[in-house]
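Observations on the model geometry
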Amino acid sequence: MEGVYSQLVERLGEVQDIIGAGAVLGWDQRTKMPEAGAQARADQLATLTRLAFERFTAPEVGELLDQLGPYGESLDYDSTEASLIRVARRDYDKACRVPVSLRVEMARAAALGEPVWREARRRSDFSMFRPYLEQNVELKRRYIECFQPVDEPYDALLDDFEPDLKTAEVRAVFDELKAGLVPLVAAIAERADAVDDSALHGSFPVERQPDVELRILRPFGYDAEEWRIDETAHPFASKGGPRDVRLTTTREPDSLTSLFACMHEFGHGLYEYQIDRSLYRTPLHRGASLGWHESQSRMWEHMIGGSLPFCERFFPAVRDAFPEQLGSLDAEGFYRAINRVHPSLIRIHADEVTYNLHIILRFELEQELVDGRLAPADASEAWDARMNEYLGIDVPDVADGVLQDMHWSGGSIGYFPTYALGNVISGQLWERIRAELPDLDDQVRAGDLGALREWLRENVHRHGRKFTPRELLDRTVGGGLDPEPLLGYLTAKFGAIYGF
């Protein structure tokens, strides 16, 4: 069977090469490409999508997988060979249910939708973007039809990002999370004046920001020979290969948003960077799921970057870069300021406590869009109403409302729940990490993140997609999704900050 297995590996490697080329073109589109190149880029990405899809779903791949099925089952479950056969089988069976014409149409719509979203957001004009949202919703409904029967239509979309997780399970986790957050938000609101973040609102010249970003990221593990940072409209991370990690950020002249965006995207980049190199050019060489990915980015942004030990170590460098704005603050004052809790319009700027309410809002709207309860034309009005209901905020315009996120422009419906699921997973991991690295605070104060990186590499990153999200969670924390560790972490942290 070794010869058959080698044939499968080579075939999958070619598919991964095509997908990787598409990722680089996508990165270029969102960072360097002139806006007028959108149509040509849409054609290129559609062609690569078709080639990868046809190459992967060819009957020869199915025949190889059929031959390898018993062989894979005879191997140790944790072995690379067994994992690759298992994961490729699942991916193949799922891919074969979707016509190549639909895949190509979805890729082209995504490539065309994003530049329109950027311009619509700049103009704050929902009517400009609405036809593209309508098209993407309709394409997703056609995609869902490929997977009938499902318990709920949204299940088919969620499965693309969180394999084997059901909408009803997410709803139950979010209900528990919301029940714990509401009293915490109320307790903080009673002491809203206890934290002053006025120093964070002022002048932070963008030309000084890149140097500060690197002074923070280098101790985290950033290496300029294998990593890069570029500007974009909506921060993201991608990779061109195992030693080609690409982070992006958005630098604003009146805030330090970029510093935390860089830490967030570093978490994504580190996950991909630390996957075992032996898995390269296979479907195993990426994160277990988007929720798992988000657990890493949120951990580095908030549990590390939003911690007092981090501020004690790194705030002097930030203050030196912006002395006019931050000269009167010390590390503890900066720590309190960056952790101020207040409902906000923009998800990526939201504090740790209220952030999940932004995700729950989007999760609900997406279900309603795909099952027909909400027409795309009414999405902006529904968004505004729920922002007021959940966060008590009146949305002033669509740029800061329904158009603030790029995901729907690229057809990424089913993606949003992974953000809050990532927070839940990060809470569970953080509880385990603190138990196994009891001196972590001292290490952060010393600027030494090596032990944390190694813990994550050994327990999470190196495995890539060898295990399902459920299996990986059980292996790392000994159970399933549980919001309690996250709620406990938030209550302890913000109780101390706000004095309750």
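Scroll up a little and you will see the structure.
Let me sum up the structure you'll find in this document. Computed from a prediction, not measured in an experiment: that's the story for all the values here.

**Section: the environment of Leu65**
The residue Leu65 is located in helix 3 (residues 59-74) in this model. C-alpha of Leu65 to C-alpha of Tyr92: the two residues are 27 residues apart in sequence and 8.9 Å apart in space. Non-local contacts of Leu65, meaning those with residues more than four positions away in its chain, are made with Leu8, Ile85, Ala88, Arg89 and Tyr92.

**What to know about the packing of helix 1 (residues 2-31) against helix 2 (residues 38-56)**
Where helix 1 meets helix 2, the axes come as close as 9 Å, and the angle between the chain directions of the two elements is 165 degrees. One way to sum up the angle between helix 1 and helix 2 is to call them roughly antiparallel. Regarding helix 1 and helix 2, the two cross each other, and that crossing is left-handed. Across the interface between the two elements, Arg11, Leu12, Glu14, Val15, Ile18, Ile19, Ala21, Gly22, Leu25, Gly26, Asp28 and Gln29 of helix 1 pack against Arg41, Gln44, Leu45, Leu48, Leu51, Ala52, Arg55 and Phe56 of helix 2.

**Observations regarding the pattern of salt bridges**
According to the stated counting rule, one finds 45 salt bridges in the structure shown. The closest approach of N and O atoms between Arg55 and Glu14, which form a salt bridge, is 2.5 Å. Here Arg55 is found in helix 2, whereas its partner Glu14 is found in helix 1, with 41 residues between them in sequence. The salt bridge involving Glu213 is made with Arg251; its shortest N-O contact spans 2.8 Å. Note that Glu213 is positioned in helix 9 (residues 209-220) and Arg251 in the loop between strand 3 (244-249) and helix 10 (257-273), a separation of 38 residues in sequence.

**Focus on the sheet that holds strand 1 (residues 227-231)**
Taking strand neighbours across the sheet as the criterion, the three strands line up as 1-3-2 in an open arrangement whose pairing is mixed. Every interior strand has two partners, whereas the edge strands, strand 1 and strand 2 (237-241), have only one. Pairwise comparison of adjacent strand axes, ignoring direction, gives a mean angle of 25 degrees for this sheet. The pairing of strand 2 with strand 3 spans four bridges and is classified as antiparallel. From the neighbouring strand, Gly241 faces strand 3, where its bridge partner is Asp244. Relative to strand 3, helix 10 is tilted by about 160 degrees, and along the sheet it contacts strand 1, strand 2 and strand 3.

Quick notes on the rules
Residues numbered from 1 in each chain as written. Predicted model: local features only at pLDDT ≥ 70, side-chain atom pairs only at ≥ 80, totals over all residues. Heavy atoms only, no water. Helix = DSSP H or I, 4+ residues; strand = E, 2+ residues; numbered from the N terminus. Contact = heavy atoms within 4.5 Å. Axes fitted to C-alpha atoms, helices over the stretch in contact; angles between N-to-C directions. Parallel < 35°, antiparallel > 145°, perpendicular 65-115°, else oblique. Left-handed = near helix turned anticlockwise from the far one by under 90°. Salt bridge = Lys/Arg side-chain N within 4 Å of Asp/Glu carboxyl O. Pairing = 2+ DSSP bridges.

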